[in-house]
Protein chains: 2
Amino acid sequence: MAMDMTFLGTGSAYPSPHRGASALVLRADGECWLFDCGEGTQTQLMKSQLRAGRITKIFISHLHGDHLFGLPGLLCTVSLNTNADLQQKPNCVDIYGPRGLRHFLRVTLGLTGSQLLFPYAVHELEPTPDQCPEEGWLNLEVTAERGPPHPQEQPGRTISFDVSSDCYFLFEDKKFAVKGFRLVHRIPSFGFCIQEHDRPGRLKTELLKELGLKPGPLYGRLKAGEPVTLESGRVVLPTEVLEEAIPGRKLCILGDCSSVLGEGPLKLCNGADILVHEATLGNEHREKAVDHGHSTPEMAAAVAQACCTRRLVLHHFSQRYKPSTLQKEGDEDNMSELKRQAEDALQDSGVEVTLAEDFMTLAIPLRRPR
Amino acid sequence: MAMDMTFLGTGSAYPSPHRGASALVLRADGECWLFDCGEGTQTQLMKSQLRAGRITKIFISHLHGDHLFGLPGLLCTVSLNTNADLQQKPNCVDIYGPRGLRHFLRVTLGLTGSQLLFPYAVHELEPTPDQCPEEGWLNLEVTAERGPPHPQEQPGRTISFDVSSDCYFLFEDKKFAVKGFRLVHRIPSFGFCIQEHDRPGRLKTELLKELGLKPGPLYGRLKAGEPVTLESGRVVLPTEVLEEAIPGRKLCILGDCSSVLGEGPLKLCNGADILVHEATLGNEHREKAVDHGHSTPEMAAAVAQACCTRRLVLHHFSQRYKPSTLQKEGDEDNMSELKRQAEDALQDSGVEVTLAEDFMTLAIPLRRPR
């Protein structure tokens, strides 16, 4: 199954003409999952090779405007553009994010009289009190939904923190299990771990022929993990005739943070193929970064190293860092310096460092059998 | 006083890479007033020669997302960028728009924990029941503000419809009187009439010298409309020594509509220097346009003619109409065709027709004395 990840906005705080606000799309088999949706995401999508109408799930890491303000408009435009071709409309768009997100959509879509041609459901992650103890707005008066639901709003779940696993269980389907975890930021912020299921190895066709089994439904049963009894009475176990399993890929996408909260996230992200982490400011601005709940390349590298990721992708750069194509000799705030800072922190660890740019697409290759 | 108008977004329904969502800036003496604020307006502002920090008043014609979804982000970004230089921050941003706007900002800014470094006040125009009788969302349950106000929210006015003048009195200051008026659209939509005050004509300096008056404070008093008594006892009246007054300019900016509501708006807009009117679809799509509460060039021209405007500026084009610079020979949906349709309807009327494009700036010259 082909998988890739496209960055639609790699800037922090606000969108600018050279760097969009936060948004990235994970694509698997043509289906698109959107992570964060800053203002202008719909326009970035139009400029990319992706189709907004293919988005089936949306994940909002936290409720800051530069990760959220594009969401109502995106939903409206997807709806407008599915009008002509009703077969293209999504069954139901599942939206995951912190408590308060349901109310945000209810009010923004409701007050603007926005009609949608498809249903949506908001599944809210319940923050824990220690996640940002000082912020008054966490109180229920602000985040609880009030007023009538949108006509297309379907009931959504409230997802509570699971203390024993130190994470949130978002959902599991045939291909993936998706979990959330807590980050330290000024408001409740979450990371997401997308774990592809392991897949059975190839059938050893030579061996099957020797056993007298011809290609057909029995092959499918063996591949699905079921034993098969031959006419001779011999029972063939899947483990006998299957090559080693292909381990599922693991992708971890973190929202804004100055660190992860607790040990659970590191275990969850252990061995990730790709860890997407913010690096808002360079190491020399560490104090300011932490004050604002953000990270430096060195801090991101420490997380990558702690969870033994293969590749660290940095994004969410302060707008002071221009994309490399627009940089001029002698520019103080230099992207290559950010990369060097992460690499310095990761030397000899084997972790590859990538700086995301708007419209960059990373292929996520299949893993090799163990 | 130099005045001009810059179009930041001339597209309808949603922003696209070639046409932003609705927004235009009226600039007078360096102060900027923003009319509508679709998603992406802040980025369009960055691309223009205007400064977002100079915006002191914002007018929202109606609450559809393509006129509104950029507002929370714009306010946040203005705030972020005034951080460094506190002297630049606005005293208080006055925001005018339909009932529900205060609640929209309260929820979008509140849930996102958006801090602002300047206060704002929302002054709500109270729609009339006949403005859009069929829409359920007009009910108070949806539009009334609930939840705590933003720490920077100042008390705003509720502006009721004035039956006798068929309009809304927004405010009057030393330079301008601004009124609102009702339009026919799917949700309550308003137009705005900005009337500059007449200014006294020039002093007839030759005559003043003959009368024995030397340049000084007495000149100022005459110009301000006060009579002056000479040492001889002779009373000099301002009318004797002033050239004819310079009539104030009048600018009318209409929100989405299929027509104005009643006769009041036509009287109010009578003789406007510029009438900005939507033309979402060409004449051949009139039925669809009206169904959606929109206008064609011919319909816009009829309004321009009815109020004897000097110049009709069309905007809010369906995204099917590409800007003229991107049009190719043989393209069906042609901008020049829209212009021709308006001009055909206005032939011999002397009304000049202009099609707005993103980043187009129109100078608004002083009027000549009557």
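Located above this text is the structure these notes cover.
On a predicted model such as this, the values are computed, not experimentally measured, just so you know.

(A) Fine view of the relation of the copies chain B and chain A. Placing chain B over chain A gives an RMSD of 0.1 Å and needs a rotation angle of 180 degrees, together with 0.0 Å of translation along the axis. In symmetry terms, the pair is related by a two-fold rotation axis. No C-alpha of chain B approaches the rotation axis more nearly than that of Gly40 of chain B, which lies at 2.7 Å. The share of interface residues of chain B whose copies in chain A are also at the interface is 100%, consistent with both copies meeting through the same surface.

(B) Expanded view of the interface of chain B and chain A. Contacts between chain B and chain A engage 43 residues on the former and 43 residues on the latter. The tally of links from chain B across to chain A stands at 0 salt bridges. Taken together, the elements giving at least two residues each to the side of chain B that touches chain A come down to helix 1 (41–47), helix 2 (71–82), helix 3 (101–111) and helix 4 (140–143) of chain B. For the side of chain B that touches chain A, the class distribution of residues is 19 nonpolar, 20 polar and 4 charged.

(C) Region of the structure containing the nonpolar core. Ile58, Leu71 and Ile95 of chain A together with Ile58, Leu71 and Ile95 of chain B are the most contacted members of the largest nonpolar core, which has 64 residues in total. The contact partners of Ile58 of chain A, leaving out residues within four places of it in the chain, are Leu34, Leu71, Leu74, Leu75, Val93, Asp94, Ile95 and Tyr96 of chain A.

(D) Region of the structure containing unusual backbone geometry. Residue and element names in this part refer to chain A. We note that Ala13 has phi near 75 degrees; this positive angle belongs to a residue other than glycine. Structurally, Ala13 can be placed in the loop between strand 1 (3–9) and strand 2 (23–28). With a relative accessible area of 35%, Ala13 lands in the partly exposed category. Backbone geometry places Phe359, a non-glycine residue, at a positive phi of 75 degrees. Taking the relative accessible area as the measure of exposure, Phe359 reaches 35% and is therefore partly exposed.

(E) View of the packing of helix 3 (residues 101–111) of chain A against helix 3 of chain B. Two elements in contact, helix 3 of chain A and helix 3 of chain B, have axes whose closest approach is 10 Å; the angle formed by their N-to-C orientations is 155 degrees. In this view, helix 3 of chain A runs roughly antiparallel relative to helix 3 of chain B, as classed from their interaxial angle. Between helix 3 of chain A and helix 3 of chain B lies a crossing whose hand is left-handed. In contact with His103, Phe104, Val107, Thr108 and Leu111 of chain A of helix 3 of chain A, helix 3 of chain B contributes His103, Phe104, Val107, Thr108 and Leu111 of chain B. Classifying every residue of the contact of helix 3 of chain A with helix 3 of chain B gives 6 nonpolar, 4 polar and no charged.

(F) Fine view of helix 11 (residues 335–345) of chain A. Residues and elements named next belong to chain A. Within helix 11, the full set of buried residues consists of Met335, Leu338, Gln341 and Ala342. The buried residues of helix 11 occupy an angular sector of 120 degrees when projected down its axis, which confines them to one face. In this structure, the buried side of helix 11 is in contact with helix 10 (297–306), strand 17 (311–315) and strand 18 (352–355).

(G) Just the environment of Arg54 of chain B, in detail. Residues and elements named next belong to chain B. The topology assignment puts Arg54 in the loop between helix 1 and strand 4 (55–59). When the C-alpha atoms of Arg54 and Ala177 are compared, they prove to be 20 Å apart, with 123 residues separating the residues in sequence. In contact with Arg54, other than residues within four places in its own chain, are Gly30, Glu31 and Cys32.

(H) How the structure looks around helix 10 (residues 297–306) of chain B. Residues and elements named next belong to chain B. Turning to helix 10, its buried residues are Pro297, Met299, Ala300, Ala301, Val303 and Ala304. Of the surrounding secondary structure, the elements contacted by the buried residues of helix 10 are strand 15 (259–260), helix 8 (264–268), strand 16 (274–278), helix 9 (286–291), strand 17 (311–315) and helix 11 (335–345). In the stretch just after helix 10, Cys308 is the one whose phi turns positive, near 50 degrees.

(I) Molecular detail of the packing of aromatic side chains. Residues and elements named next belong to chain A. One pass over the full model with this rule turns up 24 aromatic pairs over all chains. Between the aromatic rings of Trp33 and Phe171, the centroid separation amounts to 5.6 Å while the plane-to-plane angle is 75 degrees, which identifies the pairing as edge-to-face. A residue pair is termed long-range when its members are at least 10 positions apart, and Trp33 in strand 3 (residues 31–35) and Phe171 in strand 9 (residues 168–172) qualify at 138 residues. When the ring centre of Phe161 is taken as origin, the NZ or CZ atom of Arg182, which lies over that ring, is 3.9 Å away.

The rules behind each value
Residues numbered from 1 in each chain as written. Chains lettered and ligands numbered in written order. Predicted model: local features only at pLDDT ≥ 70, side-chain atom pairs only at ≥ 80, totals over all residues. Heavy atoms only, no water. Least-squares fit on C-alpha atoms with pLDDT ≥ 70 in both. Contact = heavy atoms within 4.5 Å. Salt bridge = Lys/Arg side-chain N within 4 Å of Asp/Glu carboxyl O. Helix = DSSP H or I, 4+ residues; strand = E, 2+ residues; numbered from the N terminus. Nonpolar A, V, L, I, M, F, W, Y, C, P; charged D, E, K, R; others polar. Core = buried A, V, L, I, M, F, W, Y, C linked by side-chain atoms within 4.5 Å. Buried < 20%, exposed > 50% of the residue type's maximum accessible area, 1.4 Å probe, protein only. Axes fitted to C-alpha atoms, helices over the stretch in contact; angles between N-to-C directions. Parallel < 35°, antiparallel > 145°, perpendicular 65-115°, else oblique. Left-handed = near helix turned anticlockwise from the far one by under 90°. Arc of directions from axis to C-beta. Phe/Tyr/Trp six-rings, centres within 6.5 Å; stacked < 30°, edge-to-face > 60°. Lys NZ or Arg CZ within 6 Å of the ring centre and 35° of its normal.

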